[in-house]
Amino acid sequence: MRVGVYPGTFDPITFGHMDIIHRAAGLVDKIIVAVAANAGKEPLFTLSEREKIVKQEIEAGLPVSEAKRVEVTAFHSLLTHFCHKVQAKIIIRGLRAISDFEYEFQMTGMNARLDPGIDTVFLMASEKYQFISSRFVKEISLLGGDVSSFVSHRVANLLQTQFKKKSLENKG
Ligand code: ADP
């Protein structure tokens, strides 16, 4: 069985991520969406919140036959160790424009050194989703803009709730 791991911060999951998962489902038998702790990025949502949101999006946004081949797991370890644990030899990443290239190129090189038995496969972002990034979605949502063409209405509502919660925490 061909197992692919799609790692990311998913803070929050966007239509761009969903498109990569959907397309990767055509290439591998099972996809493990690996939600990274990534504390260095100071995510807006906690790890367990992000994991839960990804699970909900997959259930609601993918055809049942695809969704049942997708697993969602949070992970804290080194990506290559995680791949080893779940017996995956393929890492899936999405590639937008040139800006992603250098970071992805370095990460792939490092991972290949750490475990030459694992290969990274890149899917070019679809034209429609090329410009979507979690970071900008958060900025737009924080400033009251419409994010409905970038994330589902569920995620858009969760963003608003999270910003309200954070602003109350800051006031308190
Ligand atoms: P990370 O912090 O690991 O970059 P992200 O959640 O930002 O995590 O992204 C996970 C993966 O999804 C990365 O390979 C990223 O390039 C890709 N990705 C993010 N947004 C898009 C998009 N709009 N289209 C295609 N790929 C994307």
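Since we're looking at a predicted model, the values are computed, not measured. Position numbers for residues start from 1 in each chain and track the written sequence from start to end. For a predicted model such as this one, the threshold for reporting local features is a pLDDT of at least 70, and the threshold for listing and counting side-chain atom pairs is 80 or more; totals across whole chains, interfaces and linings nevertheless cover every residue. In computing side-chain values, all of the structure's heavy atoms are included and hydrogens and water are not.

### Focus: the packing of helix 2 (residues 47–61) against helix 7 (residues 153–171)
Closest axis-to-axis distance for the helix 2/helix 7 pair is 11 Å, and the angle between their directions is 160 degrees. It follows that helix 2 is roughly antiparallel to helix 7 by the angle criterion. Pair helix 2 / helix 7 crosses with right-handed handedness. Judged by residue contacts, Glu49, Ile53, Glu57 and Ala60 of helix 2 engage Arg154, Val155, Leu158, Gln162 and Lys165 from helix 7. Considered class by class, the residues forming the contact of helix 2 with helix 7 number four nonpolar, one polar and four charged. Inter-axis angles, ranging from 0 to 180 degrees, are taken between N-to-C directions of lines fitted to C-alpha atoms, where helices are fitted over the stretch in contact. Going along the chain from the N terminus, every DSSP run of H or I of four or more residues is numbered as a helix, and every run of E of two or more is numbered as a strand. Just so you know how the angles are binned, under 35 degrees is roughly parallel, over 145 roughly antiparallel, 65 to 115 roughly perpendicular, and the rest oblique. Crossings are sorted by hand: turned counterclockwise from the far helix by less than a right angle, the near helix makes the crossing left-handed, and turned clockwise it makes it right-handed. Should any heavy atoms of two residues lie within 4.5 Å, those residues are counted as being in contact. Under the grouping applied here, Gly and all other residues not named as nonpolar or charged are polar, the nonpolar ones being Ala, Val, Leu, Ile, Met, Phe, Trp, Tyr, Cys and Pro and the charged ones Asp, Glu, Lys and Arg.

### Some details on the site of the ligand
Whether a residue is near a molecule or strand depends on its heavy atoms: it is near if one of them lies within 4 Å of it. Near the ligand, the surroundings consist of 18 residues, among which Tyr6, Thr9, Lys41, Gly94 and Tyr129 are the closest. Residue Arg93 places a side-chain N or O atom 3.0 Å away from an oxygen atom belonging to the ligand. Here a polar contact is recorded for every N or O atom pair within 3.5 Å, except that within protein the pair must consist of a potential hydrogen donor and a potential acceptor, and residues adjacent in sequence are included only if both atoms are side-chain atoms. In this structure, an oxygen atom belonging to the ligand sits 3.5 Å away from a side-chain N or O atom of Asp100. Every accessible area reported is derived by Shrake-Rupley at a probe size of 1.4 Å, with residue values counting cover from the shown protein chains alone. Within the complex, the protein chains bury 93% of what would otherwise be the 550 Å² of accessible surface of the ligand. Points on a 1 Å grid over protein atoms alone make up a cavity when a 1.4 Å probe fits among them but cannot get out, and a pocket when they form an open set with protein on both sides within 12 Å along at least five of seven lines; lining residues each have an atom within 4 Å of a point. Grid points define the cavity or pocket, and a molecule sits in it when more than half of its atoms lie within 2 Å of them. When each cavity is represented as a set of grid points, the ligand is found to reside in the largest pocket. Put simply, the parts of the chain that give the shell around the ligand at least two residues each are strand 1 (3–8), helix 1 (15–24) and strand 4 (90–95). Partitioning the shell around the ligand into residue classes produces seven nonpolar, six polar and five charged.

### Some thoughts on unusual backbone geometry
Put simply, Asp11 and Pro12 share a cis peptide bond, and its omega is 0 degrees. In this structure, Pro12 sits in the loop between strand 1 and helix 1. Non-glycine residue Gln87 carries a positive phi angle of around 60 degrees. Turning to its location among the elements, Gln87 is positioned in the loop between helix 4 (79–85) and strand 4. Exposed residues in this analysis have more than 50% of their type's maximum accessible area, buried residues have under 20%, and partly exposed residues fall in between, with area computed by a 1.4 Å probe over protein chains only. Residue Gln87 is classed as exposed on the basis of its relative accessible area of 66%.

### Considerations on the nonpolar core
Core analysis: the largest hydrophobic core is formed by 34 residues, its most contacted members being Ile13, Ile21, Ile31, Val33, Val54, Ile58 and Ile92. Elements with a contribution of two residues or more to this core: helix 1, strand 2 (30–36), helix 2, strand 3 (70–75), strand 4 and helix 7. Once residues within four sequence positions are removed from consideration, Ile13 is found in contact with Met18, Ile21, Ile53, Val54, Glu57, Val151 and Val155. One finds Val5, Ala36, Phe82 and Ile91 within the second-largest nonpolar core, a separate group that totals twelve residues. Nine residue types can take part in a nonpolar core, namely buried Ala, Val, Leu, Ile, Met, Phe, Trp, Tyr and Cys, and a core is a set of them joined through side-chain atoms within 4.5 Å.

### Here's the deal with the sheet that holds strand 2
If you trace the five strands from one edge of the open sheet to the other, you get 3-2-1-4-5, paired in parallel fashion. Looking at which strands have only one partner, the edges of the open sheet turn out to be strand 3 and strand 5 (119–124). Ignoring strand direction, the axes of neighbouring strands in this sheet form an average angle of 30 degrees. Pairing of strand 1 with strand 4 involves two bridges; the strand directions are parallel. Along strand 4, the bridge assignment pairs Gly4 with Ile90. Two strands pair under a simple rule: DSSP has to find at least two bridges between them.

### Points about helix 2
Taking 1.5 Å per residue, 15 residues should reach 21 Å; helix 2 reaches 21 Å between its end C-alpha atoms and fits that length. Taken residue by residue, helix 2 has Leu47, Arg50, Glu51, Ile53, Val54, Glu57 and Ile58 as its buried positions. Projected down its long axis, helix 2 carries its buried residues within an arc of 165 degrees, all on one side. Seen from the open side of helix 2, the exposed residues pointing more than 90 degrees away from its buried face are Lys52, Glu59 and Ala60. Against the buried residues of helix 2 lie helix 1, strand 2, helix 3 (64–67), strand 3 and helix 7. Helix span, as expected, comes to 1.5 Å for every residue beyond the first. Within this analysis, the arc is defined by the directions that extend from the helix axis to the C-beta atoms.

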